[in-house]
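Inside the fold
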Amino acid sequence: MKLAAFTLVFTATTVSLGACGDCREAGERAPDPADRTRPFGDAAPPRPAERRGLDINAKAMVLEDIPADVTPLGIAFGPLGHHVAWVEERPGARKRLVVDGRPGADYVTVEQYIWSRDGLQLVYPGNLGPGVGPDGRHMVRRWYLVVGTQRHGPYAGVDSYRVSDLGEVSWRATLRAPKTDGSRATEANLTVIVDGVADPPFVEIPPSDMAFDASGELAAYRARSGQGWHIVQRGAVGPPYGRVGRPVTSPNGRHVGYAASSGRDNESVIQLGDTAHRLPFTELRQLTIDDVGGAAVVGDGVTLVPNVASPGPDTWITASRFWGVTHTRRGLAYVASKGNAREVVLGTSRAPLPDDANIREFVVGPRSRRYLVVYGVAGGVAASVDGSTWPGAAVIENIQWSPSGRHLAYVMRTSGEPVDRKLVTQDTVVADGTAYGPFRKVTGLSWSGGKERLAFVARGKAGDWQLWVDGARRTDLRGAPLPDGVAWSPDGSRYAFGVREGSKQWLSTDTGTLSGPTDRLFLRRFSQDGSVCGAGAAVGKELRWMTVGFDP
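A brief report on the enclosed structure follows. (Residues numbered from 1 in each chain as written. Predicted model: local features only at pLDDT ≥ 70, side-chain atom pairs only at ≥ 80, totals over all residues. Heavy atoms only, no water.)

1. Structural notes on the overall build of the protein
Secondary structure assignment for the protein yields zero helices and 51 strands. Burial analysis of the protein (552 residues in total) assigns 50% to the buried set. Sequence separation of 24 or more characterises 38% of the internal contacts of the protein that already satisfy a separation of 6 or more. For the protein, the exposed surface amounts to about 25600 Å²; the carbon and sulfur share of it is 48%. (Helix = DSSP H or I, 4+ residues; strand = E, 2+ residues; numbered from the N terminus. Buried < 20%, exposed > 50% of the residue type's maximum accessible area, 1.4 Å probe, protein only. Contact = heavy atoms within 4.5 Å. Areas by Shrake-Rupley, 256 points an atom, 1.4 Å probe, with all protein chains shown as cover.)

What follows is the structure in structure tokens.
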């Protein structure tokens, strides 16, 4: 059966982004292991003139003529709203990814796909099903990692993958490759492949034990061979140990460290770059690194070493337990327990906590200006913010710092009044020490940029939904809110949100303007000047990019 063509209609400009129309297998040209920044295959990075997309001010983007026997799944607009992709489920249990109307190759399975940050590249695993392996005799599973218009493989499986924040042609994957030695086994050791270049194979590589730098580049990961556990840093394999902890990076991603133990003695090793520091601890609980490479270590749950570069008795801080040890601009931050006494330490400032506090969470603001401690008390939990305490909650959740770290908001859930002989909970929003509520439910809590305004949606006691902005009730919502909250313009002066009424969904704005109805809203993005908000929408089997404009 020949499928009908897909058509993209733009009012501004038309952009095509292939998914896998011209796929070829990686390995036709052997990659250079020394070149770890090479684009995939022979593809060159897009020229600046090609880095264009749909103008957010465009009034229509419609995909037409979807055949009746084809079902679109997992519809997702690109991060800038410039492109749209979905998985097409076709007759015969075959699937393929369609990007901007251009279908890719058929697969038995297409796994979750992710966009690069600039919205110009898609990465996803595809499975072609069983096939003859490289030896020409044995059947193997054929998984590929598809990157833009090229695919890499085949592999016996794709475990994880990642797109760099700064490069649309940079991916990170842990891949399981088929053996090529003619044996009947279909899987070899695990291999990490970075930009098409394979690291040495290992017996085990936990995908969660990967550390990335500030730009999304893979800085280090933990792997096990027949000799023991190693840390691999940018392709270089470290020495084997009996135990190795997850590698950590400094906030700027320039420094990598890990804790290890040989298992043959009572000392542990802290590896920072090329320097190994040996400490008299049998077990290391936590390791953090600051931007200049200084480390803080918690060992055995009793001692904190603020600076491992020159460890000694004069640098150790002894306590019965530490929580949330982290580096900040004001210095080291943590909660310490010494006997029955508990205190918060943020740089040079200290604040006591109740002696019986059961610490649940310790969070420092993004610019180290403020802190929050959540701890258990009799009958519930309490929150201490810069020394001010809000007691008596059952749950404290949805903790939101403003971008500057000057402001803090969270939802405090408590036991409310009985309704219909049932005890119900109620939510209170606490913003910089001021309480709003109580409400039956609070959702969509978010801070804007610019002036750092706070918005949330609350359900009143009568069941009505209300929009609150800047601590005031702005409007009663038409219908129920969508769960992804409020989208803010870059300067924080405008906002938009989604609501549903029955089976339909609408895009609404702070001016009361509604656009819709649609069957589903996907993505909301403001133009840079805040004059237009665009949203991806589905109406039946038709995909649209619709916009709402604001007066100057």
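Having seen the structure, we can now continue with the description.
2. With respect to the environment of Val548
The topology assignment puts Val548 in strand β51 (residues 542-549). Judged by its relative accessible area of 4%, Val548 falls in the buried class. For the pair Val548 and Phe526, spaced 22 residues apart in the sequence, the C-alpha separation amounts to 9.5 Å.

3. A closer look at the sheet that holds strand β31 (residues 341-346)
Spatially, the four strands line up as an open sheet ordered β29-β30-β31-β32, and their pairing is antiparallel. A single partner strand is all that each edge strand has here, and the edge strands are β29 (321-328) and β32 (349-353). Ignoring which end each strand starts from, the neighbouring axes of this sheet average 10 degrees apart. Sheet analysis places β29 next to strand β30 (residues 331-338), joined by six bridges and oriented antiparallel. Residue pairing across strands places Thr326 opposite Ala333, the latter belonging to β30. (Pairing = 2+ DSSP bridges. Axes fitted to C-alpha atoms, helices over the stretch in contact; angles between N-to-C directions.)

4. Quick notes on the packing of aromatic side chains
Under the criterion given, the structure shown has nine aromatic pairs. When the ring of Phe439 is compared with that of Trp468, the centres are 5.4 Å apart and the planes differ by 70 degrees; the resulting orientation is edge-to-face. Residue Phe439 is found in strand β40 (residues 434-439), and its partner Trp468 is found in strand β43 (residues 465-469); the two are separated by 29 residues along the sequence. Residue class for Phe439 comes out buried when judged on its relative accessible area of 6%. Among the aromatic residues, ring-to-ring pairing joins Tyr436, Phe439, Phe456 and Trp468 into one connected group. In this arrangement the basic side chain of Arg151 is found over the ring face of Tyr144, its NZ or CZ atom lying 4.5 Å from the centre. (Phe/Tyr/Trp six-rings, centres within 6.5 Å; stacked < 30°, edge-to-face > 60°. Lys NZ or Arg CZ within 6 Å of the ring centre and 35° of its normal.)

5. A word on the nonpolar core
Counting residues in hydrophobic clusters, the biggest one holds 15 residues, and the most contacted among them are Val335, Ile359, Phe362 and Val373. Mapped by element, the contributors of at least two residues to this core are β30, β31, β32, β33 (358-364) and β34 (371-377). Residues in contact with Val335, not counting those within four places in the same chain, are Arg321, Phe322, Trp323, Glu343, Val344, Leu353, Ile359, Phe362 and Val373. (Core = buried A, V, L, I, M, F, W, Y, C linked by side-chain atoms within 4.5 Å.)

6. Some details on unusual backbone geometry
Cis geometry marks the peptide bond from Gly437 to Pro438, where omega comes out at 10 degrees. Backbone geometry places Arg234, a non-glycine residue, at a positive phi of 50 degrees. Turning to its location among the elements, Arg234 is positioned in the loop between β18 (228-233) and β19 (236-237). With a relative accessible area of 47%, Arg234 lands in the partly exposed category.

7. Notes on the sheet that holds strand β17 (residues 218-225)
Strand order across the open sheet formed by four strands is β16-β17-β18-β19, with antiparallel pairing between neighbours. In this open sheet, the two edge strands, each paired with only one partner strand, are β16 (210-212) and β19. Inspection of the sheet shows β17 paired to β18 by six bridges, in the antiparallel sense. Residue pairing in the sheet places Ala223 in a bridge with His230 of β18.

8. A closer look at the pairing of β30
Where burial is concerned, most of β30 is hidden: six out of the eight residues are buried. Taken together, β29 and the strand that follows it, β30, pair antiparallel across an intervening segment of two residues.

9. Side note on a positive patch on the surface
A cluster of like positive charges, contributed by Arg329, Arg367, Arg369 and Arg406, occupies part of the molecular surface. Turning to its location among the elements, Arg329 is positioned in the loop between β29 and β30. (Patch = residues over 30% accessible without salt bridge, like charges linked within 9 Å, V, L, I, M, F, W, Y side chains within 5 Å. Salt bridge = Lys/Arg side-chain N within 4 Å of Asp/Glu carboxyl O. Lys, Arg positive; Asp, Glu negative; His and termini not counted. Charge placed at Lys NZ, Arg CZ, Asp CG, Glu CD.)

10. Digging into the pattern of salt bridges
Scanning the model with the defined rule gives 15 salt bridges in all. One salt bridge in this structure joins Arg370 and Asp432, with 2.8 Å as the shortest N-O distance. Of this pair, Arg370 sits in the loop between β33 and β34 while Asp432 sits in the loop between β39 (422-431) and β40; the two residues are 62 residues apart in sequence, bridging distant segments of the chain. Residue classification places Asp432 among the partly exposed positions, given a relative accessible area of 35%.

Interpretation note: all reported values are geometric properties and have no functional meaning in isolation.
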